[in-house]
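Descriptive structure summary
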Amino acid sequence: MLKRWFISPVVGTGARADTYRPKASDHGGIAHASILPCNADGTPKFGWALCLASAADLTALDGDAQIDGFPDAPLDTTLGSFSAAVRNRVQTALVNRSVDLTGITLASTLRDLVVRIVARLDDRCDHRAMDVP
Amino acid sequence: MTILASDSGAGSDANPIGGNWATIAGLSAMRRASNSIRGSNASNDNGARWTGVTFPDDQWSAVAVGALGTGTGGPSARIASGATTLYMCDRAATNQLILYRALNGVWTQLASTTSDTYTEGDVHECRCVGTTISAWRSGVQRLSATDANIASGSAGLGAYLESTVLTNWQAGDFASGATSLPPRIHPITRLIMAGH
């Protein structure tokens, strides 16, 4: 199974039959673990979520214009290893979600970016706790 | 892991289930029927929390889930007393295992498997350790998510609709540090021991 990180819009109404969930989970055959922080009333704090997605084929997520995918590489990979086009795409996705990129350089890793995203969503959470089959 | 509370499901039929169980706020009652625990409402969410003990914040809740039907169900943890607030490991009618957070009646899917193969009587478990919320099936971790919105509460179980058959519920803490559940008595053996 392939596993990658994605930033996905949150869909749903919060009802039991239409729970809030990452849009990524609506694509067939996708398993996910996601960070979806909420307000005191239970509604989503943000309109987007960080997802660790798993599937035999993740092209459906890559083909969804509303979902931003991380490059298919280990989290230890430095940003300098990717083309400028890939870096710019990821940077745009994070800037659009007000993720603090202060101090991020070409020597930073994908993990550093994931940590910044988690800090933006809920700094009490830990991406290392997320896992899917 | 220490068992702090348990209910095999065996006993006289009762609706609501009563005893040390209290209906989760905002949900319909669970009932005891045919030596199992089931929902009471055929068109709604049902759930109960165990009131016989104060659970630590780090807790687990596990229950054997019966044959796949139209309903869903599974163990819940960190259940609030006055609101529909909880974590739940739900075996959905689509054969997915789904980890939910409900906060003040607002439901959010934190994690889910794809369609999977389940056996009647599989033990599903919801574990809460700090901000790590995980779903287990028969001693194997299937999902792990991170969430910091519910810090404490009681253990229990729930069912969507009334068709899901739940037996051999147990809940406890991680005081001993062990990572696997203690051996269980098979429900049939338990019924024989109970004279049924």
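First, a word on scope: everything that follows refers to the structure included in this document.

Definitions and cut-offs
Residues numbered from 1 in each chain as written. Chains lettered and ligands numbered in written order. Predicted model: local features only at pLDDT ≥ 70, side-chain atom pairs only at ≥ 80, totals over all residues. Heavy atoms only, no water. Helix = DSSP H or I, 4+ residues; strand = E, 2+ residues; numbered from the N terminus. Buried < 20%, exposed > 50% of the residue type's maximum accessible area, 1.4 Å probe, protein only. Contact = heavy atoms within 4.5 Å. Areas by Shrake-Rupley, 256 points an atom, 1.4 Å probe, with all protein chains shown as cover. Phe/Tyr/Trp six-rings, centres within 6.5 Å; stacked < 30°, edge-to-face > 60°. Lys NZ or Arg CZ within 6 Å of the ring centre and 35° of its normal. Core = buried A, V, L, I, M, F, W, Y, C linked by side-chain atoms within 4.5 Å.

The subject of this paragraph is the overall build of chain B. The number of helices and strands found in chain B is 1 helix and 15 strands. The proportion of buried residues among the 196 residues of chain B is 55%. Across chain B, every contact between residues at least 6 apart in sequence was considered, and the portion connecting residues at least 24 apart equals 62%. As displayed, chain B has an accessible area near 7,000 Å², and 50% of this comes from carbon and sulfur atoms.

For the rest of this paragraph, the subject is the packing of aromatic side chains. Each aromatic ring pair is specified by the distance between its two centres and by the angle formed by the two planes. Applying the stated criterion to the full structure yields 5 aromatic pairs over all chains. Ring centres of F46 of chain A and W48 of chain A lie 5.7 Å apart, and the angle between their planes is 50°; on these two criteria the pair is classed as tilted. On the basis of relative accessible area, F46 of chain A is assigned to the buried category, the value being 15%. Overall, W48 of chain A belongs to the buried group, its relative accessible area being 9%. Chaining the aromatic ring pairs together yields one cluster made of W21, W50 and W169 of chain B. Lying over the aromatic face of W48 of chain A, R97 of chain A brings its terminal NZ or CZ to 5.9 Å of the ring centre. Seen from the ring of W136 of chain B, R127 of chain B lies directly overhead, with NZ or CZ sitting 3.6 Å from the centre.

As a further point, take the nonpolar core. Grouped burial of nonpolar side chains is what soluble globular proteins tend to show. W5, L50 and I117 of chain A together with L99 of chain B are the most contacted members of the largest nonpolar core, which totals 42 residues. Among the elements that take part in this core, helix 3 (residues 110-122) of chain A stands out by supplying 6 residues, more than any other. If we skip the residues at most four places from it in the chain, W5 of chain A touches L50, C51, L52, D68, G69, F70, L75, V114, H127 and M130 of chain A. I17, A48, V65 and A159 of chain B belong to the second-largest nonpolar core, a separate cluster that totals 16 residues.

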